[in-house]
Amino acid sequence: MKQGLLIDMDGVIYGGDEMIQGADVFIASLLENKIPFLFMTNNSQRTRLEAVRKLKKLGIEVTEDHVYTSAMATGKFLADQAPNKTAYVLGEGGLLTSLHENGLTLVETEPDFVVLGEGRNFTLEMVQKAVDMILGGAKLVTTNRDPSPRKPGWSNLGIAAVTAMIEEATGRKAFTIGKPGPVMMRSARKALNLETADTTVIGDTMDTDIQGGVQMGYKTILVLSGITKKEELNHYAFKPDMVVGSVKDITFPLKWWKKESQK
């Protein structure tokens, strides 16, 4: 029976520019034992190649086929829903690449969609232009709604803040693709060719990775090496199937894999 993993990156594999202890051994074990996995990230700015290069600098060798981003999920969703349509994009890098690869035409006037991703290069004038386009009939799609870290000196507002600003200005709600939304959670699973019962999500945030996994019926593992702290677990109406300090504490086969194999 094929079992596989959807693994968050920041807070699980690395924190900022430093690898979390034992993450390299964990990934090497997955590769050695041929356990299917994807790194599943809400970051739409970085291309798959850039993600692979960052991991390589940390000592983790994977291929682009091991990376699935909200930009990829967005491009696939729009291509499936509305093939050969046009988009005005507030975003960079990975998002632009994915939309192009999925057959959308990037335009500056009268788009079918306004697509919002992470970025530092778009201006308030570009946001106002996007608002006018939406008021003129374009549909608003955002790659994710990750909050700002709310730290002094942070280089951009954060995608949740920009999305909220455009929603307030237009009176239209954005359709969100990324975690914990079902579009990305489902498309990442399908990219691994897994069934729902055979999918396990590993993440450090209750509000995105774990919530998304629970809502989709996947098994979930929370690592305490990132955002969520153990004392915060009682704040939530749902819970992960397993809680560990970090990925180095995960051993295979997982306990629910054993159960499946005994049936």
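Visitor: Run through the packing of helix α3 (residues 70-81) against helix α4 (residues 93-101), naming residues and quoting values.
Guide: Here α3 crosses α4 at 25 degrees, and the two axes come no closer than 8 Å. Taken as axis vectors, α3 and α4 run roughly parallel relative to one another. Relative to α4, the crossing made by α3 is right-handed. On α4, the residues touching A71, M72, T74, G75 and L78 of α3 are G94, L95, S98 and L99.

Visitor: Give a detailed account of the packing of helix α7 (residues 182-191) against helix α8 (residues 206-216), specifying residues and quantitative values.
Guide: Put simply, α7 and α8 touch, their axes get as near as 10 Å, and they point 75 degrees apart. Relative to α8, the element α7 lies roughly perpendicular. Across the interface between the two elements, P182, M185 and R186 from α7 touch D209, G212, G213 and M216 from α8. Grouping the amino acids of the contact of α7 with α8 by side-chain chemistry returns 3 nonpolar, 2 polar and 2 charged.

Visitor: Give me the lowdown on the side chain of S246, citing residues and values where you can.
Guide: For S246, the position within the fold is in the loop between β13 (242-244) and α9 (255-262). If near-sequence neighbours (up to four positions away) are discounted, S246 is found in contact with I20, Q21, V223 and S225.

Visitor: Which residues make up helix α1 (residues 23-32), and what values go with them?
Guide: Buried within α1 are the following residues: A23, F26, I27 and L30. Angular distribution of buried residues about the axis of α1 spans 90 degrees; they occupy a single face of the element. Across from the buried face of α1, at angles greater than 90 degrees, the exposed residues are V25 and E32. Along its buried surface, α1 packs onto β1 (4-7), β3 (18-19), β4 (37-41) and β11 (199-203). In the segment just after α1, K34 is the residue with positive phi, at about 55 degrees.

Thresholds, definitions, all that
- Residues numbered from 1 in each chain as written.
- Predicted model: local features only at pLDDT ≥ 70, side-chain atom pairs only at ≥ 80, totals over all residues.
- Heavy atoms only, no water.
- Axes fitted to C-alpha atoms, helices over the stretch in contact; angles between N-to-C directions.
- Helix = DSSP H or I, 4+ residues; strand = E, 2+ residues; numbered from the N terminus.
- Parallel < 35°, antiparallel > 145°, perpendicular 65-115°, else oblique.
- Left-handed = near helix turned anticlockwise from the far one by under 90°.
- Contact = heavy atoms within 4.5 Å.
- Nonpolar A, V, L, I, M, F, W, Y, C, P; charged D, E, K, R; others polar.
- Buried < 20%, exposed > 50% of the residue type's maximum accessible area, 1.4 Å probe, protein only.
- Arc of directions from axis to C-beta.

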